[in-house]
Structure formats: C-alpha cells, structure tokens
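# Coordinate inspection notes
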Amino acid sequence: ELVAGEITAQVVDPTGEAVAVVHRRVPKAWPHATTEGAVLLLTNVRALPSLSGPSASVGQPVAGERPRLLVMEQSLGRCFASGDVGAQESAALLAEARASLSA
C-alpha cells in the first residue's frame with residue numbers, strides 16, 4: 001500500500017509477522033525491496049507505535065495494537081529477489097546468518 005510516498009507492507013520472519021512502513025527512498029536504492037517474496041536483511045530497524053484506529057487519541061498508541069517497523073534506506077543491508085541466488089549460495093547465506101545470530 002502506497003500512502004504519502006511511503007509503502008506499508010506485511011513482513012514475516014521466523015518469530016512472527018509485523019506491519020512495516022518502508023521509507024520512499026528504499027525502492028530507489030533497492031528496486032526489488034518492495035516486491036512480493038523479496039528477502040530483506042535488516043539492521044537497526046525502529047519500532048513505531050500504532051497510531052491508527054477509532055480509539056486512538058492524537059499522538060497516542062492504540063492499546064493492544066502491535067508496533068509497526070520503520071524500514072529506512074540505511075537499515076537495509078541486502079535485498080534478495082526471487083531467482084537472485086542459486087540453491088548452494090542460498091544455503092551458504094542461511095548458514096552464515098544462523099552463525100551470526102548464535103554468536
């Protein structure tokens with residue numbers, strides 16, 4: 001969804017799902033970052049409180065709503081689109097990512 005130059009997207013990782021707001025500069029730097037099925041390597045992503053809904057006061061988070069992720073250009077380390085890497089390279093990248101998370 002594109003609103004005011006920013007893209008709202010549903011993102012999924014092994015821990016769950018979240019709504020993300022993708023800054024308008026991201027698609028310019030990473031053209032495939034906002035395509036369905038893209039895999040993003042993110043760092044230092046900020047969580048923003050949800051400010052939507054009928055019960056929200058101006059500037060107040062909605063109780064029970066999950067925060068949104070703010071994806072800026074500088075928080076995107078790499079972007080992989082379908083077909084960018086083969087099976088062997090994909091396995092090596094996954095092993096590298098797992099090793100860095102367990103360190």
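Above: the structure in question.
### Regarding the overall build of the protein chain
Along its length, the protein chain carries 2 helices and 7 strands. Listing every helix and strand of the protein chain by position from the N terminus yields β-β-β-α-β-β-β-β-α. Here the protein chain holds 103 residues, and the buried ones make up 17% of them. Within the protein chain, contacts between residues at least 6 apart in sequence are counted, and of these 50% link residues at least 24 apart.

### Re unusual backbone geometry
Here the phi dihedral of N44 falls at roughly 55°; this positive angle occurs in a residue that is not glycine. By the element assignment, N44 lies in the loop between β4 (39-42) and β5 (46-48). Given the relative accessible area of 67%, N44 is considered exposed.

Rules used in this analysis
Residue numbers restart at each chain and count upward from 1, following the sequence in its written direction. Per-residue local features of the predicted model are confined to residues with pLDDT of at least 70, and side-chain atom pairs are confined, for both listing and counting, to 80 or more; whole-chain, interface and lining totals are unaffected and use all residues. Side-chain metrics rest on all non-hydrogen atoms present in the structure, leaving aside hydrogens and water. For helices the rule is a DSSP run of H or I covering at least 4 residues; for strands it is a run of E covering at least 2, with both sets numbered from the N terminus onward. A simple rule labels every residue: compare its accessible area, found with a 1.4 Å probe on the protein chains alone, to the largest value its type can have, and call it buried under 20%, exposed over 50%, or partly exposed in between. Only heavy atoms matter for contacts: two residues are in contact if any of them lie within 4.5 Å across the pair.

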